[in-house]
Structure formats: structure tokens, C-alpha cells
Amino acid sequence: MIHILPACDRPVRKLSLILFALILFLGALPLAAQDQGGLSTRNPLDEIKEELKQELSDAKVPFTVEQERSIALVLEESRRASEELFGTVMDFRNGPPRGEDLDRARAGIQWMNDDFSKRVRMVLTMVQLVAWDMHLAAIAERRSAKSGDGTAGTREQVQQIRVNNNPFTTESQYFGTGSGNGSYGFSNGGGISTEIFQRGGTGAFHGTYEFRLKDASLNARNAFSPTRPSYQQRNFNVNTNGPLIRNRLTISAGASQTDQENVGTIAAQTAQGPFVLGFTVPTVSRNFGISGTYQIEKKQSLQFSFNNGTNRSDNQGMGGFSLPERAYSTSGGSRSLQLRHVWFKSDHTVQDITYNYSINHSRSTPVSSAPAIDVIAAFSSGGNPDVNAESRTTQSIRPLWIYTGRRWTVRTGGQFYYTRPVQTTESNFIGTFQFSDLNSFLLGQPITYRITRGDPRVRIRHIEESAFLQNDYRFSDRLTFFFGVRAESQNDLTDHTNIDPRIGIAFAIGKSTVVRAGAGTFHLRLDNWVVREVLRLDGTRQYEIVINNPSYPDPFQFGDVTVVPPASRRVWADRLEAPYSLNYSFVVERSLPRNLFVSLSYDYSRGLHLFRSRDLNAPFPGTPPDANGRIPRPDPSQGNVWQLESTGLTKWDALKASMRQRFSIFSVNATYTFQMNIGDASWNGPFATSSNNYDLLEDWASVPRHQFDINVNSRLPLGLFLTTAYQIRNGSPYSITTGKDDNGDGIVNDRPPGVPRLTEMGPKYRTVNLNISKAVQIRKSANGTGPNLNVFANMTNALNTTNFGTPSGVLTSPFFGKSTFANNPREIEVGARFQF
């Protein structure tokens, strides 16, 4: 009998809840604010705004309500970048902020404060300007007197901070995803970005040397593993950076190595009975990189980086229903070079040109060459069907020109991308038998046999080109318009030119509320791996042989009759269009007193012309079986004819509410997201197959998703730092299937009559993650940022909640309606980090 749930008595669980409540209580203790590298706990832009109001009030020329409304949009446009920099100060996951990160934050915040001071001048009267300039001069004098590390942590370290709050900018190809605070579009949209350009040869020398360790003795046992496999994970990271040539060259060099043994579980039902096993997946990865900035002259810099990495992993392919003999090993490596020339030609014009070059290679090797056996939702044995080797050389160049005027900002440029992958794929060259259930396996009655034959080597040339024009027009101090157009093209599609118009607005309502909205189209690529797969199985290079109801173990013999198998192949649709999404986003953001920030957003996206595959030679619905029990195809001389076409449709709506509050010693972030995913099988990828190739709407499905996240960063007594994260979400959807090829199309994804796709929902997911660290300051410098040693412990799934996986929906499976795996139990990672 398979062990499903580990023993957990009620007192232990109650104790865990008490400890968790105690941790949260400690995190909220109203202690006095501690030193944070010279930065307070308020957003710096809010601070300088209040500083401006106070200074003008003291000078008897007070800031008016109308002036405050006029700078609301200026503040909110810089708030995201300021929050990212300030987040370094309030993020205690790695202990207190130190080293390069803190210098970068301090320098960036000073630069943004100075930028704000320049922009706010447009709304000040002459008398107010005199008072404000006198105040700024006094601040500059105090900075100069305090400066003990040259340019380290000062605005002189930063040449420019480039902020883009428009996810609908035509500068980027793709739209965003639903992560971070705010809406899908406005939290992580393609255009949302903050870039800091540092001057070469500035700052101070910093170093970070870190060791992390995970060990089985510290962790709980997986609910589906009868034992706790012995394993370790060791991470070494070293990095040193600083000005190699003062005011000319900054260098950063680092290396890392990770040795880990992730734990997996097998819970299968074989002909000999239940098979349960816990195992490890050993992985080794190494990386070395060097990067830097060379200041050519005052307004020109050359950024460069080089990275080299290797990796190897064993015991891949095992787990779930897959037995150990299905394992394979992988190995690979990569080298990349980037050169970026940035020229601030004037106060209004910037030229930015980036060149990338990379070489990648990978290989997978099965441990067994025996024919694969797949008993649906029971077990998989035999050799892994895939043997792959790939190498790829890629180059790209991206020019960008920016003009910034008083009210008008124009960005224009494009990208040229070229890659030439060479792939050797022997996918299913050993053949796979598929059985509907254990009884059929015992009787030797598979439902299908598949094998691929032909030339395994495919080489293609993939080119992508794009150009864009983006305009940002400040209509008034409270209203900004964004509008532009982007053109996309690639060599693999006859649909060469795809035009994407996009628009957006940002409007300040009152003195602390901003409304943002946008709409636009975003074309997607026909990825080169899709092109390779279609070419590989085009019926000439490689072809797939599919036999329904074959003999076993020799699929080409059935009694004394020789079966002549038809070849299965992939073809292109006559007119294949580039897929695209039509997106809308709307968000309201409000800054409230006491460092409280809230937002509410709505997003809509509709995917059109998405890639999907349809079998042109599938048996017609309702066709009766022949005398041998097989359902004949329209063309009996052929097998599956998979046509890649652009006919898929998807849609999703998302509503997201978030809040963030910072106090003297801790910060809280909370987010709730509801989304509704709607669409056909194309959302599973370009080679997703339909259960009915003559009625694609049979696979139409609607899936609601809920997720709630809360994170608390806390500074505790005795130099302790604590981060607590809690997440809960509903389960993943799954379908009820018969476990048989009822319509004779060679694909076992048929559902019972009248049962829609994705009607069932798996168990919900809950987890609490903790990070606690202790910082020991070795030597305190004048600004409180001297070298320190930080010891820490990361605890994932701290309460050891058993989060069951998605159950099997296969009616013929012995596990129907049951989960056969669980997410990771409690795991603890300990480590130490020295920073200077």
C-alpha cells in the first residue's frame, strides 16, 4: 500500500502554529528605528517632497495645494524606480544592506532627489526658487563635508537613471506577466524598467563571499517517500568589484559553484505491485563572469560582460509514474559576451547601442536503450525515448536613440537577432508502447506503438528584425500621453510585417492618486525550436510510424500477417500568421499617510492566431470500427498528418489588489489576485492536440485562479533580521479522460461523452517561508557601512504543510482521483556571508 500522508499529531501542528504566531509578533515589535546606512524608512521622494514643503513654509512662501497637485505625476513617475532602490534598504533577506548594493541605492536615491529638485522648479515661483536653492546649496555643502569614500554612495557615482513606467511602450516586444505589486501590465510589463548607468572608475571596492548548505538531516521527509534520501546542496559564491582605475574603469569579477541533490519521489503501480521510491537528482553547475564599465570620456562609457558556465545533472526523467530505468543525464555549457556603448551626446540626446554574442551547447543521454513502455497513469519503464544534442551560436544588435525635451520624449531604434542552431535529435528512435491500463499490459495488448526514423540532424537559420518609434508627451503637469508603433518580422513566416500600435495615459488625480491605462497589440514569434520540430518530422528528414492495436513485443507482427505501418508527419498550414495578443490595462495607485501605498488594477488579454496542431487525417467522428476493431482514417495510406496552424484562441481577465506599508523596523506587502483563464488547447503550446480535430471548441475551458501573498521584512532586537512570506492559492485544473483512444486518432486524450476539459481542480497550495539572519559588524566605518559577517537560515515550507499534487484524472488508472506526489516538505538552508 502506498504511503500517502506522513504522521502528524495534533500537538506538533499546534506548536508550529504557536511558533509562527510568535515570530510574526516579534516582527511587529514597535522598536526604535535602527541605522540603515544613512537612509530612513520612508520613500526618499516622499521625504524630499515634505522637505520642500517644510522649507518653503519656514521661508514664509508656502507650497500651495495646486502646486502639490502639479507635482503629483512627477512623484509617481519616479516612485517605482525610487521604491526599487529603497527596497534594497528594507529587504532583510540577506541581512542588513551592505557593500555595492547599498552604495548603489544611496547614490541612486541622491541622483533621483536631485532630478526631482530640477523638475519641481517648473512649478515654483521666483521667491520659492530662491529659498529652495539656498536649502540645496546647504545640503551640497554638508554632503561634501561628509564625503569620506570619494564617489561611493554619492550621486557622482550615477550618470543617469532611466525610468520607464509604460508597459505599452513600443520599445519592448512582449507584454508583462502577473507578478509584483500592481497590475499584470503595470507591475512587470515589457516596458516597465529602471536602469542605473554608473560612471566608470567610481564608487568603492566591495566584496561578497558566501557559502550555503542544505542537508537531509535538517529537512522533513516528503509525504510520498518511504525514506528520507541522503542528500546535500552546497553553494559557493564569490564576487569582488570596484574602481580599478579611478574615474576610468570599474571591474566586477565573480564565480559560483552549486552542488545539489534535489529529492524526487516515484509512486507507481506496476505488474508486480506498488513501487514507491525516494531518490536524489545530483546536479553540478559552475559559472565565472567578469563585467565592468570603461569611461571613455565624460559623456561616453563602454559596458562589457563575459560569462562562462557549465552544468551536469543525472537521474533526470525519474519521478511520478516513471521508474528508475527511464532516467537520463544532461550536460551543457554556455559562453556569452555583451558590449554596450552609451553616449550622452547632450542633456537631451542619448545614443545606446548593445551587441550580444553567445554560444550554447547541451546533450541528454538515457541510461537504457530498451523500448519505452507507458501504462497510462500507472507506470513508465524502458529507456527514455529522447537522445538530444544541440549547439547554437546567437548574435544580436540593438540600437536605441532617445531625445528628451521639456514636454516631449522620443525613443526610436530596433533590434536584429540571428541564431543558427544545430540539433541532433533521436526522439523516440527506440519506440514506445502505450497501454490503456495494467490489465492490458498483462495481456500484452498495447493501444499504440510509435517509433521515429530518419535523419536526426536538423540545422536552420533564424532571423528576427524589429523597429519602433515611441512618443511620450506631457500634455500638462498632471497628464502624460504615450503612443507609438512597432514593426516585427522574421524569416520563418510568410507573414513578414506585423504592426503593433500602442497607446497609454498617466493622469494625476489630486495630490496622491494616479490613474494609468493602456492598450495595444503584441506580436509573438514563431520560435526556432518549433521550426526545427516541424522540419524534423516533415516526412522526409524524419518520420513517425504509428501502429494502432499493434502486436507485442514485436509491433510489426500480428499473427502471420505483416503490418505495413503508415508514416506520421508534420506540415505547415497554407497561410501561417504570426500570433498576437490584444491587451488592456487599467490601474489606480494611491499614496496614503504613514507610508501606505495601495493599488487596484484590471487587466484583459485576448490571444489571437495562436499556434496549435490539428490532425488532418484523423478519423471522422462517428466512424465505426472495421472488422479488426480499428477505426479507419480518411486516407488509410497515411498516419497522423499534424498541421501547424494559427487558429488558437485564449482570453484572460485579472483583478489585482495590493498594499504596501513601511514602519520604522518592518515593511509589509500584501497582494490578492483573481484571474479567469479561458481558451482552447492552444494555451498548452504549439503542438498541443485537440480531443476532436473536427470541432476545436470541444476543448474550450474556463479556469478561475485565486492567489494571496503577504511578505513581512522585520528588524528584531540583538541584530536579528527576519523575513516571513505566506502564500495560498487554489489548485491546478485537470481533465477527466477515459485512458483509451476512443476516436482512433492515435492520441489518448479522449474524455467521457459530455465532459468538458479541465472541469476538476487539484488541492490548494499553502506555504510559509522564513529567513532569519544575524549580522555581526566587524568594523564600523564613518557612515556605518563597514565589513560584516552575516549568518542566516532559510526555511521553506516552515510549517511542513503537505501540499498534494494534482490528482490523476484517468479513469483506467489505479490512482484515479488521487495525488501521487507532493511538493517539497520543510527544507532548511544555512549559510554565512562576508561582505565589505
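Quick caveat, the model's predicted, so the values are computed rather than measured.

Let us look at the overall build of the protein chain. Of the regular secondary structure elements, the protein chain holds nine helices and 35 strands. Expressed as a percentage of its 836 residues, the buried residues of the protein chain come to 51%. Intrachain contacts of the protein chain at a sequence separation of at least 6 include 72% that bridge at least 24 residues. Roughly 37,400 Å² of accessible area belongs to the protein chain as shown, and the carbon and sulfur atoms make up 57% of that amount.

In this fold, Ile359 is placed in strand β9 (residues 349-366). Residues Ile359 and Arg335, spaced 24 residues apart in sequence, show a C-alpha to C-alpha distance of 5.3 Å.

Looking now at unusual backbone geometry. With an omega of 15°, the peptide bond running from Tyr552 to Pro553 counts as cis. Note on placement: Pro553 falls in the loop between β21 (542-548) and β22 (557-558). One non-glycine residue, Asn797, lies in positive phi territory at about 50°. With respect to the helices and strands, the residue Asn797 is situated in the loop between β34 (788-796) and β35 (827-835).

To continue, consider the nonpolar core. With 19 residues, the main nonpolar core has Ile266, Ile373, Val375, Phe379, Phe435 and Phe441 as its most contacted residues. Ile373 has contacts with Arg326, Phe379, Ser380, Ser381, Phe433, Phe435, Phe441 and Tyr552, leaving out every residue within four places of it along the chain. Core analysis: the next-biggest nonpolar cluster, separate from the first, contains 16 residues, Leu56, Val120, Leu129 and Trp132 among them.

Per the stated rule, a full pass over the model turns up 21 aromatic pairs. Measuring from centroid to centroid gives 5.2 Å for Phe435 and Phe441, while their planes differ by 90°, and the two rings are edge-to-face. Both residues of the pair, Phe435 and Phe441, count as buried. Over the face of the ring belonging to Trp343 we find Lys345, whose NZ or CZ atom lies 4.8 Å from the ring centre. If you follow Arg729 out to its NZ or CZ, it ends over the ring of Tyr765, 4.1 Å from the centre.

This part is about a positive patch on the surface. Residues Arg420, Arg457, Arg459 and Arg461 make up a contiguous surface patch of positive charge. With respect to the helices, strands and loops of the structure, Arg457 is situated in strand β16 (residues 457-459).

Moving on: the pairing of strand β6 (residues 273-297). Pairing of strand β5 (residues 249-270) with β6, which is carried by 22 bridges, proceeds in the antiparallel orientation. Within the sheet, the bridge partner assigned to Gly254 lies in β6 and is Gly289. What sits between β5 and β6 in their antiparallel hairpin is a turn of two residues. Of the strand pairs in this sheet, β6 and strand β7 (residues 300-316) are connected by 14 bridges, and their pairing is antiparallel. Across the sheet, the residue bridging to Ser291 is Ser305, located in β7. Between β6 and the antiparallel strand that follows it, β7, lie two residues.

Next up on the list: the environment of Asp492. You can see Asp492 is positioned in the loop between β18 (479-490) and β19 (498-509). Owing to a relative accessible area of 22%, Asp492 belongs among the partly exposed residues under this scheme. Sequence-wise, Asp492 and Leu526 are 34 residues apart; in three dimensions their C-alpha atoms are separated by 7.3 Å. A distance of 2.4 Å separates the side chain of Asp492 from the side chain of His462, its partner in a polar contact.

Another point: the side chain of Asp680. Here Asp680 shows up in the loop between β28 (666-679) and β29 (701-716). Exposure remark for Asp680: the relative accessible area of 4% places this residue in the buried category. Only 3.1 Å separates the side chain of Asp680 from the backbone nitrogen of Leu649, close enough to count as a polar contact.

For the structure on display, the rule yields 25 salt bridges. Measuring nitrogen to oxygen at the nearest pair gives 3.0 Å for the salt bridge that ties Arg212 to Glu210. The pair Arg212 / Glu210 is uniform in exposure class, with both members buried. Between Glu390 and Arg532 there is a salt bridge whose closest N-O contact spans 3.4 Å. On the criterion of sequence distance, the pair formed by Glu390 in strand β12 (residues 388-404) and Arg532 in helix α9 (residues 528-536) is long-range, its members being 142 residues apart. Glu390 sits in the buried class, given a relative accessible area of 17%. Owing to a relative accessible area of 4%, Arg532 belongs among the buried residues under this scheme.

What follows covers the pairing of strand β4 (residues 232-245). On any regular strand, side chains alternate: one points to one face of the sheet, the next to the other face. When strand β3 (residues 206-215) meets β4, the two strands line up antiparallel, connected through ten bridges. Its bridge partner lying in β4, Phe211 is registered against Phe236. Where β4 meets β5, twelve bridges bridge the pair, whose relative direction is antiparallel. Looking at β5, one finds that Asn235 is bridged to Thr258. Hairpin connection between β4 and β5: a loop of three residues separates the two successive antiparallel strands, and Asn247 in this loop has a positive phi of roughly 65°.

Mapped onto the elements, Asn693 comes out in the loop between β28 and β29. Here Asp615 takes part through its backbone nitrogen, which lies 2.9 Å from a polar atom of the side chain of Asn693. In this view, Asn693 contacts Arg614, Asp615, Ala618, Trp642 and Asp745; residues no more than four positions away in its chain are not counted.

Examined against the element boundaries, Ser117 turns out to sit in helix α5 (residues 99-120). Through-space distance from the C-alpha of Ser117 to that of Leu136 is 8.7 Å; in sequence the pair is 19 residues apart. For Ser117, the contacting residues outside a window of four places in its chain are Ile48, Trp132 and Leu136.

This part takes up a nonpolar patch on the surface. A surface patch of nonpolar side chains, about 710 Å² in accessible area, is lined by Trp408, Phe475, Phe481, Phe483, Ile503, Ile505, Phe507 and Ile509. Of all the elements in the fold, those that place two or more residues in the nonpolar patch are β18 and β19. Take the nonpolar patch: its biggest share by element is four residues, from β19. Residue position: Ile509 is located in strand β19.

Here the focus is the confidence of the model for the protein chain. The predicted structure's coordinates, where accompanied by low pLDDT, should not be read in detail. Looking at the protein chain as a whole, the pLDDT averages 84, with 86% of positions reaching at least 70. Averaged pLDDT values for the elements of the protein chain fall to 47 in helix α1 (residues 10-27) and rise to 96 in strand β8 (residues 328-344).

Thresholds applied
- Residues numbered from 1 in each chain as written.
- Predicted model: local features only at pLDDT ≥ 70, side-chain atom pairs only at ≥ 80, totals over all residues.
- Heavy atoms only, no water.
- Helix = DSSP H or I, 4+ residues; strand = E, 2+ residues; numbered from the N terminus.
- Buried < 20%, exposed > 50% of the residue type's maximum accessible area, 1.4 Å probe, protein only.
- Contact = heavy atoms within 4.5 Å.
- Areas by Shrake-Rupley, 256 points an atom, 1.4 Å probe, with all protein chains shown as cover.
- Core = buried A, V, L, I, M, F, W, Y, C linked by side-chain atoms within 4.5 Å.
- Phe/Tyr/Trp six-rings, centres within 6.5 Å; stacked < 30°, edge-to-face > 60°.
- Lys NZ or Arg CZ within 6 Å of the ring centre and 35° of its normal.
- Patch = residues over 30% accessible without salt bridge, like charges linked within 9 Å, V, L, I, M, F, W, Y side chains within 5 Å.
- Salt bridge = Lys/Arg side-chain N within 4 Å of Asp/Glu carboxyl O.
- Lys, Arg positive; Asp, Glu negative; His and termini not counted.
- Charge placed at Lys NZ, Arg CZ, Asp CG, Glu CD.
- Pairing = 2+ DSSP bridges.
- Polar contact = N/O pair within 3.5 Å; in protein donor to acceptor, adjacent residues only side chain to side chain.
- pLDDT = per-residue confidence, 0-100.

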